[in-house]
Amino acid sequence: MEYKSQKIDGHKVHYSADWINDLEAETHFKWYYHQARMVYELSDREEKILEIGIGTGLLSDMLKKRGWNIQTLDIDEDKHPDFCANALDFDYAIHEVETVVAFEIFEHIPY
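Residues numbered from 1 in each chain as written. Predicted model: local features only at pLDDT ≥ 70, side-chain atom pairs only at ≥ 80, totals over all residues. Heavy atoms only, no water.

1. What about the pattern of salt bridges?
Right, on to step 1. Using the criterion set out here, one finds six salt bridges in the structure.
Right, on to step 2. Lysine 48 is the partner of glutamate 96 in a salt bridge, and the nearest nitrogen-oxygen pair spans 3.3 Å. Of this pair, glutamate 96 sits in the loop between β5 (83–84) and β6 (99–101) while lysine 48 sits in the loop between α1 (26–42) and β3 (49–52), placing them 48 residues apart in sequence.
Right, on to step 3. The exposure class of lysine 48 is partly exposed, given its relative accessible area of 32%.
Right, on to step 4. Taking the shortest distance from any N to any O, the salt bridge between aspartate 82 and lysine 64 comes out at 3.3 Å. Pair noted here: aspartate 82 is in the loop between β4 (70–74) and β5 and lysine 64 is in helix α2 (residues 58–65), with a separation of 18 residues, a long-range link.
Right, on to step 5. Given the relative accessible area of 37%, aspartate 82 is considered partly exposed.
Right, on to step 6. On the accessibility criterion, lysine 64 (35% relative accessible area) is partly exposed. (Salt bridge = Lys/Arg side-chain N within 4 Å of Asp/Glu carboxyl O. Helix = DSSP H or I, 4+ residues; strand = E, 2+ residues; numbered from the N terminus. Buried < 20%, exposed > 50% of the residue type's maximum accessible area, 1.4 Å probe, protein only.)

What follows is the structure in structure tokens.
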């Protein structure tokens, strides 16, 4: 797998879109179910939701197909997010973001 790198907030971050072409394990689908359930329980369809770090895109695609107002932000243009940018530099106010979900980024954050 070929990784890309980018320096963000003084830390080198590695990422790749290559893995999204493989079938994920059952565990991952269970995680997506719980992520969607959290969105359903804590938001409503009219809120402007932003998903940071889109992973395979499964969550945002599913919510969009069900009428949720969700857009995506990722630093990897190969994942075709709605916004390709660094989450630290993104202007949330200009896009009137009301809810942010970030289920697919924690493994990239340095401790």
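2. What about the side chain of asparagine 86?
Right, on to step 1. Residue position: asparagine 86 is located in the loop between β5 and β6.
Right, on to step 2. The residues contacting asparagine 86, other than those within four sequence positions of it, are Gln6, Ile8 and Ile75. (Contact = heavy atoms within 4.5 Å.)

3. Things to note about the pairing of strand β2 (residues 11–15)
Looking along a regular strand, one sees side chains alternate from face to face of the sheet.
Right, on to step 1. Here strand β1 (residues 4–8) pairs with β2 via five bridges, running antiparallel. Within β2, the position partnered with isoleucine 8 by the bridge is histidine 11.
Right, on to step 2. A loop of two residues connects β1 with β2, the two strands running antiparallel in sequence, and aspartate 9 in this loop sits at a positive phi of about 55 degrees. (Pairing = 2+ DSSP bridges.)

4. Observations regarding the environment of lysine 12
Right, on to step 1. Tracing the backbone shows lysine 12 in strand β2.
Right, on to step 2. Sequence-wise, lysine 12 and proline 110 are 98 residues apart; in three dimensions their C-alpha atoms are separated by 8.8 Å.
Right, on to step 3. If we skip the residues at most four places from it in the chain, lysine 12 touches Ser5, Gln6 and Lys7.

5. Focus on the nonpolar core
Right, on to step 1. Among the nonpolar cores identified, the biggest contains eight residues, and these are Ala36, Val39, Ile49, Leu59, Leu63, Trp68, Ile70 and Val101.
Right, on to step 2. Every element with two or more residues in this core is listed here: α1 and α2.
Right, on to step 3. Among the nonpolar cores identified, the runner-up in size contains six residues, and Leu50, Leu73, Phe83 and Ala102 belong to it. (Core = buried A, V, L, I, M, F, W, Y, C linked by side-chain atoms within 4.5 Å.)

6. A word on the sheet that holds β3
By way of backbone hydrogen bonds, the strands of a sheet pair with one another, either parallel or antiparallel.
Right, on to step 1. Taken together, four strands build an open sheet; the order of strands is β5-β4-β3-β6 and the sheet is parallel. Each edge of the open sheet carries a strand with a single partner, namely β5 and β6.
Right, on to step 2. Pairing geometry for β3 and β4, over four bridges, is parallel. Note that in β4 the partner of glutamate 51 across the bridge is threonine 72.

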